[in-house]
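Per-entry structural report
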Amino acid sequence: MAPELTPNSITRMLSGSCNLDDFHPIVQVNAVKSCAGAGSEKHKLLVSDGTYFTTVLSVGNSIHQMITDGTVTRFTIVKVERSSTTTANNRNLLLFLDISVVTQHTEKIGNPVRMDESNMPAPTTTSTATVPYSSNLPNTGGLAGAAPGGAPGTIFPISSLNPYQNKWTIRAR
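Nothing here was measured: the structure is a model prediction, and the numbers come from that model.

1. Some details on the nonpolar core
Counting residues in hydrophobic clusters, the biggest one holds 22 residues, and the most contacted among them are I10, M13, V47, F96 and I99. Those elements that provide at least two residues to this core are α1 (9-15), β1 (26-36), β2 (41-48), β3 (52-58), α2 (61-68), β4 (76-88) and β5 (91-103). Among residues more than four places away in sequence, those in contact with M13 are C18, L20, F23, P25, S83, T85, L94 and F96.

Here it is, written out as structure tokens:
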């Protein structure tokens with residue numbers, strides 16, 4: 001019997017319709033590819049929820065270790081513990097920061113189709129973990145209050161920043 005994957009989890013994570021801090025879907029890794037990153041080796045994973053599949057960049061050291069020691073291979077069922085989304089070139093990108101292995105499987109589950117422009121959710125400019133913007137905060141203009149991929153004045157918590165979002169400034173009082 002095939003393990004149960006979280007239905008439509010790829011769509012939910014990419015569209016921002018769920019809080020990624022509280023959403024821990026179970027997905028299948030259909031392929032693993034190594035790619036050179038800035039300063040360290042990164043891995044691209046082709047993940048599926050049984051309905052859709054998409055490419056995910058894994059950026060956690062624990063994920064790298066699981067891939068290099070053979071714990072995460074093709075058709076492995078994993079639980080996404082921490083993830084993030086970012087927008088680049090008008091495309092939503094999914095980043096896995098931490099995963100845990102549920103089980104090894106021997107074949108692809110379902111008949112997933114690629115998330116393309118016709119079924120891809122529109123890119124969102126705000127994160128699901130944003131802090132509500134208060135109009136009584138001073139707006140300094142320019143990039144001083146700029147958040148990752150957002151407009152000046154949009155405020156994000158520091159924990160939601162990642163090194164792949166290149167236009168951010170940390171400000172504190």
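2. Structural notes on α2
Within α2, the full set of buried residues consists of I63, M66 and I67. What you see down the axis of α2 is that its buried residues fit within an arc of 100 degrees, all on one side. Once α2 ends, the next one or two residues include G70, with phi positive near 85 degrees.

3. Focus: the side chain of S58
Relative to the assigned elements, S58 resides in strand β3. Of the residues examined, S58 reaches a relative accessible area of 2% and is grouped as buried. In this view, S58 contacts K42, H43, L45, I63, I67 and F96; residues no more than four positions away in its chain are not counted.

4. Focus: the environment of S34
Along the chain, S34 turns up in strand β1. When sequence neighbours within four positions are dropped, the list of residues in contact with S34 reads E41, K42 and H43. Side chain to side chain, S34 and H43 meet in a polar contact 3.3 Å long.

5. Digging into the pairing of β1
In the sheet, β1 pairs with β4 via four bridges, with the strands oriented antiparallel. Among the inter-strand pairings, Q28 is bridged to a residue of β4, identified as I77. Where β1 meets β2, eight bridges bridge the pair, whose relative direction is antiparallel. Each bridged residue has a counterpart across the sheet, and for Q28 the counterpart in β2 is S48.

Cut-off values and rules
All chains use their own residue numbering, which begins from 1 and follows the written sequence. This being a predicted model, a pLDDT of at least 70 is required before a residue's local features are given, and a value of 80 or more before pairs of side-chain atoms are given or counted; all residues contribute to the totals for chains, interfaces and linings. Note: side-chain values were computed over all heavy atoms of the structure, leaving out hydrogens and water. Buried Ala, Val, Leu, Ile, Met, Phe, Trp, Tyr and Cys residues that are joined via side-chain atoms within 4.5 Å together make up what is termed a nonpolar core. Classification of residues uses two cut-offs on accessible area relative to the type maximum, computed with a 1.4 Å probe and protein chains only: under 20% is buried, over 50% is exposed, and between them is partly exposed. Per the convention used, a helix needs a DSSP run of H or I reaching at least four residues, while a strand needs a run of E reaching at least two, with both numbered from the N terminus. Any two residues having at least one pair of non-hydrogen atoms within 4.5 Å are treated as being in contact. The directions from the helix axis to the C-beta atoms form the arc being described. We call two N or O atoms a polar contact when they sit within 3.5 Å, provided that within protein one can donate a hydrogen and the other can accept it, with sequence-adjacent residues counted only if both atoms are side-chain atoms. In this scheme, strands are said to pair when DSSP sees at least two bridges between them.

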